[in-house]
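Structural description and commentary
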Amino acid sequence: MKITVVGSGGWGTALALLLVENGHDVTLWSHTPAKAVALEETRENPMLKGVPLPPEMKFTADLGAVKGCGAVVMATPSYAVRETAHKLRGIIDPGTVVISVSKGIEKDSSLRLSQVIEEELEGKCPVVVLSGPSHAEEVGRHIPTGVVAAADNLKDAELVQDLFMNPRFRVYTSDDRIGTEICAALKNVIALCAGCTDGMGCGDNTKALLMTRGLAEMARLGVALGGRKETFTGLAGVGDLIVTCTSMHSRNRRYGILIGQGKSVQDALEEIGAVVEGYYAAANARSLAQKVGVEMPISQAAYEVLYNGRDVHAVVSDLMSRAKRSELDESPALLFLQEK
Ligand SMILES: NC(=O)c1ccc[n+]([C@@H]2O[C@H](COP(=O)([O-])OP(=O)(O)OC[C@H]3O[C@@H](n4cnc5c(N)ncnc54)[C@H](O)[C@@H]3O)[C@@H](O)[C@H]2O)c1
């Protein structure tokens, strides 16, 4: 199939490579001509060092490449999804399957990214979400990986499963786009917090506490929005949470470590030098949670540190001193496990 991958960061490039290896006719779009030229000349992306890009892969900075494609992968940072999808309007053929792989929630509108794409493409293209524990660095090196393709219509998810699946990359289907996208956005906030406690010198107990209670608040928001609680115990939920909270490939975790060590918010962003989605998601998920009236104490704590300059030690102390409560009363994800 003819496929254009829109966004040539680490993830867009790793997915473009996977699709070439699966025999598709792939073009990788960069948002600047200089980047497209550099990729073509060097056949390597600095975000994926040591991974050669094959001669079959084409590079462009012209969004006209999406014309005539059977599928288009949207792999820009979350803050560029609307602007990029807007440019695609009128170029992309109606009916083209759009695969959203960015992780975040839109600022101000609090929309999920697949909703943003649908809005900009006026509902003329089905949108499938691809998410799960999948560091570009490992996918680029053919390390066995499993993800979820979520769509309202399972037929679209199955098409994406067929496009991406190979013996090193397993794709499961799901009909829960809402839950999958909420997991994708929120796990970065929890990973940022997990990194922060690492940077402060806390231990494994703290991280396990954060991950478990983080999953509970992710599920609380996702279920309130209409997502399925099972999604939170799947690859996009607990799977991605584990990989993001524990791996040094995770920028969100590495960013959190710097904050926990006392670096300023801006200095730490500059030191990471690539998109840190958890930084944006901490604010955008907080707005969404407030709109739907869901309590998310860990995400709120991240917001306090990142946007209100609160001290990380004071915030941890506040979280640990919250009112007593029962674990199971408020955790849809854990309740699901208990029911099984
Ligand atoms: N890296 C991963 O392992 C991974 C895995 C799964 C999902 N994701 C998600 O994929 C998305 C992209 O992540 P990444 O790791 O590829 O990012 P990256 O930091 O490696 O690259 C981001 C790319 O976006 C480009 N860019 C910057 N501004 C842009 C704009 N206005 N319009 C279009 N492009 C612009 C930059 O040139 C850069 O090439 C994120 O939402 C991320 O959460 C990443």
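Positions within a chain are numbered from 1, following the residues in the order the chain's sequence is written. Only residues with pLDDT of at least 70 are given local features in this predicted model, and only at 80 or more are side-chain atom pairs given and counted; all residues enter the totals for whole chains, interfaces and linings. The side-chain values count all of the structure's non-hydrogen atoms but skip hydrogen atoms and water molecules.

Before going further, it helps to examine the pattern of salt bridges. Opposite charge on two side chains permits pairing when their charged atoms draw close. A pair is scored as a salt bridge if a Lys or Arg side-chain nitrogen falls within 4 Å of a carboxyl oxygen belonging to Asp or Glu. Overall, the coordinates contain 23 salt bridges when judged by the stated rule. A salt bridge links lysine 103 to aspartate 240, with the nearest nitrogen and oxygen atoms 2.7 Å apart. Of this pair, lysine 103 sits in the loop between strand E5 (97-100) and helix H4 (113-120) while aspartate 240 sits in helix H10 (residues 235-246), and the two are 137 residues apart along the sequence. For the pair lysine 103 and aspartate 240, one class covers both residues: buried. One salt bridge in this structure joins arginine 177 and aspartate 152, with 2.7 Å as the shortest N-O distance. On the criterion of sequence distance, the pair formed by arginine 177 in helix H7 (residues 177-200) and aspartate 152 in the loop between strand E7 (145-150) and helix H6 (154-164) is long-range, its members being 25 residues apart. Residue classification places aspartate 152 among the exposed residues on the basis of a relative accessible area of 55%. A single network of salt bridges, built from pairs that share partners, joins Arg82, Arg89, Glu106, Glu119, Glu120, Glu122 and Lys124. Numbering of helices and strands starts at the N terminus; helices are DSSP runs of H or I of at least 4 residues and strands are runs of E of at least 2. The cut-offs for exposure are 20% and 50% of the maximum accessible area for each residue type, with area from a 1.4 Å probe on protein chains only; residues under the lower value are buried, those over the upper are exposed, and the others partly exposed.

Attention now goes to the domain arrangement of the protein chain. Looking at the assigned domains, one finds that the protein chain contains domain 1 (2-175) and domain 2 (178-339). The distance between the C-alpha centroids of domain 1 and domain 2 comes to 25 Å. The contact criterion used throughout is that any non-hydrogen atoms of two residues lie within 4.5 Å. The interface of domain 1 with domain 2 comprises 31 residues on the first partner and 28 residues on the second. As used here, buried area is the combined drop in accessible area, with a 1.4 Å probe, of two parts when they are placed together. Note on domain 1 versus domain 2: buried area summed over both sides is about 2300 Å², and carbon and sulfur give 60% of it. Counting across the domain 1 and domain 2 interface gives three salt bridges. Here a polar contact is taken to be a pair of N or O atoms separated by no more than 3.5 Å, where protein atoms must pair a possible hydrogen donor with a possible acceptor and residues adjacent in sequence count only if both atoms sit in side chains. Linking domain 1 to domain 2 there are ten residue pairs in polar contact (both at pLDDT 80 or more). When residues of the side of domain 1 that touches domain 2 are traced back to their parent elements, those giving at least two are H4, strand E6 (127-131), helix H5 (136-139), E7 and strand E8 (169-174). When residues of the side of domain 1 that touches domain 2 are assigned to their parent elements, the largest contribution, four residues, is made by E7. Where each domain begins and ends follows an automated or database-derived domain assignment.

What follows is about the nonpolar core. Among soluble globular proteins, nonpolar side chains are generally buried collectively. Among buried residues, those of type Ala, Val, Leu, Ile, Met, Phe, Trp, Tyr and Cys that are joined through side-chain atoms within 4.5 Å constitute a nonpolar core. If you look at the biggest cluster of nonpolar residues, it comprises 46 residues, and the most contacted ones within it are Leu186, Met218, Leu221, Tyr255, Ile259 and Leu306. By residue number, the principal contributor to this core is H7, which donates twelve residues. Among residues more than four places away in sequence, those in contact with isoleucine 259 are Cys196, Ser264, Val265, Ala268, Val305, Leu306 and Val312. Core analysis: the second largest hydrophobic core is formed by 37 residues, Leu19, Val147, Ala149 and Ala157 among them.

What follows covers the site of the ligand. If a single non-hydrogen atom of a residue is within 4 Å of a molecule or strand, that residue counts as near it. Of all residues adjacent to the ligand, which total 25 residues, the nearest are Gly10, Trp11, Lys35, Ala136 and Glu277. Tryptophan 11 places a polar main-chain atom, nitrogen or oxygen, 2.9 Å from an oxygen atom of the ligand. At 3.5 Å, a side-chain N or O of glutamate 83 approaches a nitrogen atom of the ligand. The Shrake-Rupley method, run with a 1.4 Å probe, gives the accessible areas here. Residue values count only the displayed protein chains as cover. Summarising the interface, the protein chains cover 86% of the accessible area of the ligand, which totals 830 Å² for the free molecule. Judged by the proximity of its atoms to the pocket grid, the ligand belongs to the largest pocket. At the level of elements, helix H1 (10-21) and helix H3 (81-88) are the ones that each hand at least two residues to the shell around the ligand. Only protein atoms enter the 1 Å grid, on which a cavity is a set of points fitting a 1.4 Å probe that cannot get out and a pocket is an open set with protein on both sides within 12 Å along at least 5 of 7 lines, lining residues being those with an atom within 4 Å of a point. Each molecule is checked against the cavity or pocket grid, and it sits inside if more than half of its atoms lie within 2 Å of the grid points.

Assignment of secondary structure puts asparagine 45 in the loop between helix H2 (33-42) and strand E3 (58-60). Relative accessible area serves as the criterion here: at 1%, asparagine 45 is assigned to the buried category. Separated by 2.8 Å, the side chain of asparagine 45 and the backbone oxygen of serine 8 make a polar contact. Residues contacting asparagine 45, with those up to four places away along its chain left out, are Ser8, Gly9, Gly10, Thr13, Lys35, Leu39 and Leu53.

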